[in-house]
Amino acid sequence: MTRFQMENNGEQIKKFVFGKQNTTEPAEKLEIVIPELLLPGYSFYTWPSAPILAWFLWERRLSLINKRVLELGAGTALPGILAAKCGAHVTLSDCTTLPKTLQHIQRCCRLNGLAPGKDIEVIGLTWGLFLDQIFQLGPVDLILGSDIFYDPSVFEEILVTVSFLLEANPQAKFLFAYQERSADWCIETLLKKWHLSCNVISLDNLSAELGVDPQELMGNHTIHLLEVTRRS
(Lines give C-alpha, C1' and ligand atoms only; values in the text may rest on other atoms or scores of the structure.)
Protein backbone atom coordinates (compact mmCIF):
# COMPACT_ATOMS: atom_id res chain seq x y z
CA MET A 1 0.00 0.00 0.00
CA THR A 2 1.31 3.45 -0.89
CA ARG A 3 0.31 6.86 0.47
CA PHE A 4 1.42 10.32 -0.62
CA GLN A 5 2.12 13.58 1.19
CA MET A 6 3.36 16.85 -0.28
CA GLU A 7 5.86 18.94 1.65
CA ASN A 8 6.28 22.72 1.42
CA ASN A 9 9.57 22.44 -0.46
CA GLY A 10 7.93 20.55 -3.34
CA GLU A 11 9.20 17.24 -2.03
CA GLN A 12 6.73 14.40 -2.24
CA ILE A 13 6.81 11.83 0.54
CA LYS A 14 5.68 8.35 -0.46
CA LYS A 15 4.76 5.94 2.31
CA PHE A 16 5.00 2.22 1.57
CA VAL A 17 3.38 -0.21 4.01
CA PHE A 18 4.44 -3.85 3.79
CA GLY A 19 2.41 -6.55 5.47
CA LYS A 20 -1.04 -8.05 5.30
CA GLN A 21 -3.39 -5.55 3.67
CA ASN A 22 -6.98 -4.61 4.52
CA THR A 23 -7.14 -6.42 7.84
CA THR A 24 -7.67 -5.49 11.48
CA GLU A 25 -5.86 -8.62 12.65
CA PRO A 26 -2.52 -8.14 14.39
CA ALA A 27 0.17 -8.70 11.78
CA GLU A 28 3.80 -7.88 11.18
CA LYS A 29 4.11 -4.68 9.17
CA LEU A 30 6.88 -2.43 7.98
CA GLU A 31 6.45 1.19 6.97
CA ILE A 32 9.03 2.90 4.75
CA VAL A 33 8.89 6.54 3.72
CA ILE A 34 10.61 7.70 0.56
CA PRO A 35 11.13 11.38 -0.30
CA GLU A 36 10.91 12.25 -3.97
CA LEU A 37 12.09 15.46 -5.59
CA LEU A 38 10.86 17.18 -8.72
CA LEU A 39 14.30 17.24 -10.29
CA PRO A 40 15.59 16.06 -13.67
CA GLY A 41 17.20 12.66 -13.58
CA TYR A 42 16.19 9.12 -12.77
CA SER A 43 17.40 8.99 -9.19
CA PHE A 44 14.79 10.99 -7.30
CA TYR A 45 11.66 9.00 -8.21
CA THR A 46 10.54 5.55 -7.10
CA TRP A 47 9.94 3.67 -10.34
CA PRO A 48 7.27 0.92 -10.45
CA SER A 49 9.83 -1.89 -10.38
CA ALA A 50 11.00 -0.93 -6.88
CA PRO A 51 7.80 -1.86 -4.99
CA ILE A 52 7.63 -5.15 -6.91
CA LEU A 53 11.15 -6.08 -5.84
CA ALA A 54 10.53 -4.81 -2.31
CA TRP A 55 7.36 -6.94 -1.91
CA PHE A 56 9.26 -9.99 -3.19
CA LEU A 57 11.95 -9.36 -0.57
CA TRP A 58 9.34 -8.76 2.15
CA GLU A 59 7.83 -12.20 1.51
CA ARG A 60 11.31 -13.65 2.10
CA ARG A 61 12.35 -11.31 4.88
CA LEU A 62 13.51 -14.04 7.27
CA SER A 63 16.07 -15.16 4.70
CA LEU A 64 17.54 -11.63 4.64
CA ILE A 65 18.72 -11.66 8.26
CA ASN A 66 22.50 -11.12 8.39
CA LYS A 67 22.80 -11.38 4.59
CA ARG A 68 25.26 -9.02 2.91
CA VAL A 69 23.27 -7.10 0.30
CA LEU A 70 24.40 -4.63 -2.36
CA GLU A 71 21.91 -2.52 -4.30
CA LEU A 72 23.12 -1.16 -7.64
CA GLY A 73 21.74 2.11 -9.00
CA ALA A 74 19.81 2.48 -5.77
CA GLY A 75 18.09 5.81 -6.51
CA THR A 76 15.50 6.18 -3.74
CA ALA A 77 16.63 2.76 -2.45
CA LEU A 78 13.28 1.25 -1.43
CA PRO A 79 14.37 -2.43 -1.83
CA GLY A 80 17.71 -1.88 -0.10
CA ILE A 81 16.18 0.03 2.79
CA LEU A 82 13.59 -2.73 3.24
CA ALA A 83 16.36 -5.34 3.29
CA ALA A 84 18.22 -3.36 5.96
CA LYS A 85 15.06 -3.00 8.08
CA CYS A 86 14.66 -6.79 7.80
CA GLY A 87 18.10 -7.46 9.26
CA ALA A 88 20.44 -7.52 6.26
CA HIS A 89 23.81 -5.75 6.13
CA VAL A 90 23.16 -3.42 3.22
CA THR A 91 25.32 -1.26 0.97
CA LEU A 92 23.45 1.14 -1.29
CA SER A 93 25.29 2.37 -4.37
CA ASP A 94 24.79 4.76 -7.23
CA CYS A 95 26.98 6.51 -9.77
CA THR A 96 30.10 8.07 -8.29
CA THR A 97 29.63 11.21 -10.42
CA LEU A 98 26.16 11.93 -9.01
CA PRO A 99 26.81 13.43 -5.56
CA LYS A 100 23.25 14.80 -5.24
CA THR A 101 21.90 11.31 -5.83
CA LEU A 102 24.16 9.86 -3.12
CA GLN A 103 23.09 12.64 -0.74
CA HIS A 104 19.45 11.86 -1.48
CA ILE A 105 20.01 8.17 -0.76
CA GLN A 106 21.46 9.15 2.60
CA ARG A 107 18.36 11.28 3.29
CA CYS A 108 16.11 8.33 2.42
CA CYS A 109 18.05 6.22 4.91
CA ARG A 110 17.84 8.77 7.72
CA LEU A 111 14.08 9.23 7.28
CA ASN A 112 13.76 5.51 7.93
CA GLY A 113 15.92 5.47 11.04
CA LEU A 114 19.07 4.15 9.33
CA ALA A 115 22.28 6.08 9.92
CA PRO A 116 24.64 5.99 6.90
CA GLY A 117 28.02 4.63 7.94
CA LYS A 118 26.51 2.88 10.96
CA ASP A 119 23.27 1.05 10.14
CA ILE A 120 23.73 1.08 6.37
CA GLU A 121 26.43 2.01 3.86
CA VAL A 122 26.08 4.44 0.94
CA ILE A 123 28.84 4.45 -1.68
CA GLY A 124 29.58 5.69 -5.17
CA LEU A 125 29.91 2.83 -7.63
CA THR A 126 29.89 3.41 -11.37
CA TRP A 127 28.91 0.51 -13.64
CA GLY A 128 31.68 -0.75 -15.87
CA LEU A 129 34.48 1.02 -13.97
CA PHE A 130 36.73 -0.88 -11.60
CA LEU A 131 37.69 1.76 -9.06
CA ASP A 132 38.62 1.40 -5.39
CA GLN A 133 35.01 1.22 -4.21
CA ILE A 134 34.25 -2.08 -5.92
CA PHE A 135 37.38 -3.72 -4.49
CA GLN A 136 36.55 -2.50 -0.98
CA LEU A 137 33.06 -4.01 -0.90
CA GLY A 138 33.94 -7.27 0.79
CA PRO A 139 31.77 -10.40 0.52
CA VAL A 140 28.28 -10.10 -0.99
CA ASP A 141 25.41 -12.61 -0.76
CA LEU A 142 22.76 -10.79 -2.78
CA ILE A 143 22.92 -8.04 -5.40
CA LEU A 144 19.74 -6.05 -6.05
CA GLY A 145 18.71 -3.88 -8.97
CA SER A 146 15.47 -2.02 -9.54
CA ASP A 147 14.79 -0.78 -13.09
CA ILE A 148 18.45 -0.23 -13.81
CA PHE A 149 18.05 -1.64 -17.34
CA TYR A 150 16.42 1.55 -18.62
CA ASP A 151 18.92 2.39 -21.38
CA PRO A 152 20.50 -0.20 -23.72
CA SER A 153 23.72 1.80 -23.82
CA VAL A 154 24.44 0.81 -20.19
CA PHE A 155 23.33 -2.83 -20.31
CA GLU A 156 26.84 -4.18 -20.83
CA GLU A 157 28.32 -1.88 -18.20
CA ILE A 158 25.83 -3.26 -15.67
CA LEU A 159 26.51 -6.88 -16.58
CA VAL A 160 30.30 -6.39 -16.58
CA THR A 161 29.99 -5.15 -13.01
CA VAL A 162 27.62 -7.96 -12.03
CA SER A 163 29.89 -10.57 -13.63
CA PHE A 164 32.87 -9.26 -11.67
CA LEU A 165 30.94 -9.33 -8.40
CA LEU A 166 29.58 -12.83 -8.99
CA GLU A 167 33.01 -14.12 -9.92
CA ALA A 168 34.29 -12.78 -6.59
CA ASN A 169 31.20 -14.17 -4.80
CA PRO A 170 30.30 -17.43 -6.60
CA GLN A 171 27.37 -18.24 -4.29
CA ALA A 172 25.77 -14.81 -4.68
CA LYS A 173 22.78 -13.96 -6.86
CA PHE A 174 21.74 -10.84 -8.74
CA LEU A 175 18.02 -10.22 -8.33
CA PHE A 176 16.49 -7.46 -10.40
CA ALA A 177 13.11 -6.13 -11.44
CA TYR A 178 12.81 -4.27 -14.68
CA GLN A 179 10.12 -2.44 -16.59
CA GLU A 180 9.72 -3.54 -20.20
CA ARG A 181 10.00 -0.53 -22.47
CA SER A 182 10.76 -2.20 -25.78
CA ALA A 183 10.35 -5.78 -26.96
CA ASP A 184 13.53 -5.28 -29.00
CA TRP A 185 15.74 -4.86 -25.93
CA CYS A 186 17.48 -8.07 -24.93
CA ILE A 187 20.38 -8.99 -22.65
CA GLU A 188 20.67 -12.66 -23.67
CA THR A 189 23.78 -12.16 -25.81
CA LEU A 190 25.45 -10.10 -23.10
CA LEU A 191 24.63 -12.73 -20.47
CA LYS A 192 26.41 -15.37 -22.56
CA LYS A 193 29.35 -13.06 -23.21
CA TRP A 194 29.89 -12.48 -19.50
CA HIS A 195 29.24 -16.08 -18.44
CA LEU A 196 25.96 -15.45 -16.67
CA SER A 197 22.75 -17.46 -16.43
CA CYS A 198 19.29 -15.94 -16.00
CA ASN A 199 15.98 -17.30 -14.71
CA VAL A 200 12.62 -15.53 -14.81
CA ILE A 201 10.72 -15.49 -11.52
CA SER A 202 6.94 -15.61 -11.86
CA LEU A 203 5.07 -12.69 -10.33
CA ASP A 204 1.63 -14.28 -10.75
CA ASN A 205 1.17 -14.96 -7.04
CA LEU A 206 3.32 -12.20 -5.62
CA SER A 207 2.12 -11.47 -2.07
CA ALA A 208 -1.30 -12.97 -2.86
CA GLU A 209 -1.71 -14.23 0.71
CA LEU A 210 -1.02 -10.70 1.95
CA GLY A 211 -3.87 -9.25 -0.09
CA VAL A 212 -1.62 -7.51 -2.61
CA ASP A 213 -2.51 -7.40 -6.30
CA PRO A 214 0.66 -7.47 -8.45
CA GLN A 215 -1.19 -5.84 -11.35
CA GLU A 216 -2.17 -2.95 -9.12
CA LEU A 217 1.48 -2.49 -8.16
CA MET A 218 2.53 -2.57 -11.81
CA GLY A 219 -0.17 -0.21 -13.03
CA ASN A 220 -0.08 -0.08 -16.82
CA HIS A 221 3.52 -1.31 -16.95
CA THR A 222 4.95 -4.72 -17.76
CA ILE A 223 7.47 -5.64 -15.09
CA HIS A 224 9.68 -8.71 -14.93
CA LEU A 225 11.65 -10.18 -12.05
CA LEU A 226 14.82 -12.09 -12.90
CA GLU A 227 17.61 -13.87 -11.07
CA VAL A 228 21.13 -13.96 -12.50
CA THR A 229 23.91 -16.27 -11.35
CA ARG A 230 27.42 -17.09 -12.50
CA ARG A 231 27.40 -19.81 -15.13
CA SER A 232 29.21 -22.92 -13.92
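Within every chain, residues take consecutive numbers counted from 1 along the sequence as written. For this predicted model, a pLDDT threshold of at least 70 governs which residues receive local features, and a threshold of 80 or more governs which side-chain atom pairs are given and counted, while totals over whole chains, interfaces and linings are taken from all residues. Think of the side-chain values as coming from all heavy atoms in the structure, minus any hydrogens and water.

So, the sheet that holds strand β6 (residues 121-124)
Thought 1: For two strands to pair, DSSP has to find at least two bridges joining them. A helix here means a DSSP run of H or I that spans at least four residues, while a strand means a run of E at least two residues long, and both kinds are numbered starting from the N terminus. The seven strands are arranged β6-β5-β4-β7-β8-β10-β9 in an open sheet whose pairing can be described as mixed. Where the open sheet ends on each side, the last strands, each with one partner, are β6 and β9 (196-201). Ignoring strand direction, the axes of neighbouring strands in this sheet form an average angle of 20°.
Thought 2: By the bridge criterion, four bridges tie strand β5 (residues 89-94) to β6 in an arrangement that is parallel. Bridging across to β6, leucine 92 finds its partner in valine 122. To get an axis, a line is fitted to the C-alpha atoms, and for a helix only the part in contact is used. The angle between two axes follows their N-to-C directions and goes from 0 to 180 degrees.

Describing empty space enclosed by the protein
Thought 1: A cavity here means a set of points on a 1 Å grid, drawn over the protein atoms and nothing else, where a 1.4 Å probe fits but cannot get out; a pocket is an open set with protein on both sides within 12 Å along at least five of seven lines, and a residue lines either one if it has an atom within 4 Å of a point. Grid points are joined across faces, edges and corners, and a volume is the space filled by probe spheres set on the points. Counting across every chain of the model gives one cavity of 30 Å³ or more.
Thought 2: There is about 40 Å³ of room inside the largest cavity.
Thought 3: Taken together, Thr96, Gly124, Leu125, Thr126, Leu129, Leu131, Gln133 and Ile134 make up the full set of residues lining the largest cavity.

Quick notes on unusual backbone geometry
Thought 1: Phi angles above zero are rare outside glycine, and alanine 77 is one such case at about 65°.
Thought 2: Following the sequence through the fold, alanine 77 ends up in the loop between β4 (68-72) and α2 (78-85).

With respect to the packing of aromatic side chains
Centre distance and the angle of the planes are the two values used to describe a pair of aromatic rings.
Thought 1: Pairing of aromatic rings covers Phe, Tyr and Trp, the last through its six-membered ring, and needs centres within 6.5 Å; plane angles under 30 degrees mean stacked, over 60 mean edge-to-face, and all others mean tilted. Summed over all chains, the structure comprises 10 aromatic pairs.
Thought 2: Note on phenylalanine 176 and tyrosine 178: the rings are 6.5 Å apart at their centroids and 45° apart in plane angle, and the pair reads as tilted. Each member of the pair phenylalanine 176 and tyrosine 178 is classed as buried.
Thought 3: Taken together, the aromatic side chains of Phe149, Phe155, Phe174, Phe176, Tyr178 and Trp185 make up a single cluster linked through ring pairs.
Thought 4: Note on criteria: charge over ring means Lys NZ or Arg CZ within 6 Å of the ring centre, with the direction from the centre no more than 35 degrees off the ring normal. Lying across the ring of phenylalanine 56, arginine 60 places its NZ or CZ 3.6 Å from the centre.
Thought 5: A cation sits over an aromatic face here: arginine 61 above tryptophan 58, 4.0 Å from the ring centre. A simple rule labels every residue: compare its accessible area, found with a 1.4 Å probe on the protein chains alone, to the largest value its type can have, and call it buried under 20%, exposed over 50%, or partly exposed in between.

Quick look at the nonpolar core
Thought 1: Here the nonpolar core consists of buried residues drawn from Ala, Val, Leu, Ile, Met, Phe, Trp, Tyr and Cys, with membership extended through side-chain atoms lying within 4.5 Å. Counting residues in each nonpolar core, the largest one holds 43 residues, and the members touching the most others are Phe18, Ile81, Leu82 and Leu92.
Thought 2: No other element matches the eight residues that helix α1 (residues 49-59) contributes to this core.
Thought 3: Throughout, a residue-residue contact means that at least one pair of heavy atoms, one from each residue, lies within 4.5 Å. When residues no more than four places from it in sequence are discounted, the contact partners of phenylalanine 18 are Glu28, Lys29, Leu30, Ile32, Ala54, Trp55, Trp58, Leu78 and Leu82.
Thought 4: Counting 28 residues, the second-largest nonpolar core is a separate cluster that includes Leu70, Leu137, Ile158 and Leu166.

Notes on the state of the cysteines
Thought 1: Disulfides are defined in this document as cysteine sulfur pairs within 2.5 Å. Using the criterion set out here, one finds zero disulfides in the structure.
Thought 2: Cysteine 108 carries a free sulfur, and the closest cysteine sulfur to it, the one in cysteine 109, is 6.9 Å from it.
Thought 3: Under the relative-accessibility criterion, cysteine 108 is labelled buried at 0%.
Thought 4: Taking the relative accessible area as the measure of exposure, cysteine 109 reaches 0% and is therefore buried.

Brief notes about the environment of cysteine 86
Thought 1: Locating cysteine 86 in the fold gives a position in the loop between α2 and β5.
Thought 2: Taking relative accessible area as the criterion, cysteine 86 reaches 13% and is therefore assigned buried.
Thought 3: For the pair cysteine 86 and glycine 145, spaced 59 residues apart in sequence, the C-alpha to C-alpha distance is 17 Å.

Some points on the packing of α1 against α2
Thought 1: Interaxial distance between α1 and α2 falls to 8 Å at its minimum, and their mutual angle equals 20°. When the interaxial angle is binned, α1 and α2 end up roughly parallel. In this structure, the crossing between α1 and α2 has a hand that is right-handed. For the pair α1 and α2, contact is made by Ala50, Pro51, Leu53, Ala54, Leu57 and Trp58 and by Leu78, Pro79 and Leu82, respectively.
Thought 2: Following the grouping adopted for this structure description, the nonpolar residues are Ala, Val, Leu, Ile, Met, Phe, Trp, Tyr, Cys and Pro, the charged ones are Asp, Glu, Lys and Arg, and the polar ones are all others, Gly among them. Of the residues assigned to the contact of α1 with α2, the class counts are nine nonpolar, no polar and no charged. Oblique is the label for any angle not under 35 degrees, not over 145, and not in the 65 to 115 range, which are roughly parallel, roughly antiparallel and roughly perpendicular in turn. Note on convention: the crossing is left-handed when the near helix lies turned anticlockwise from the far helix by less than a right angle, right-handed when the turn is clockwise.

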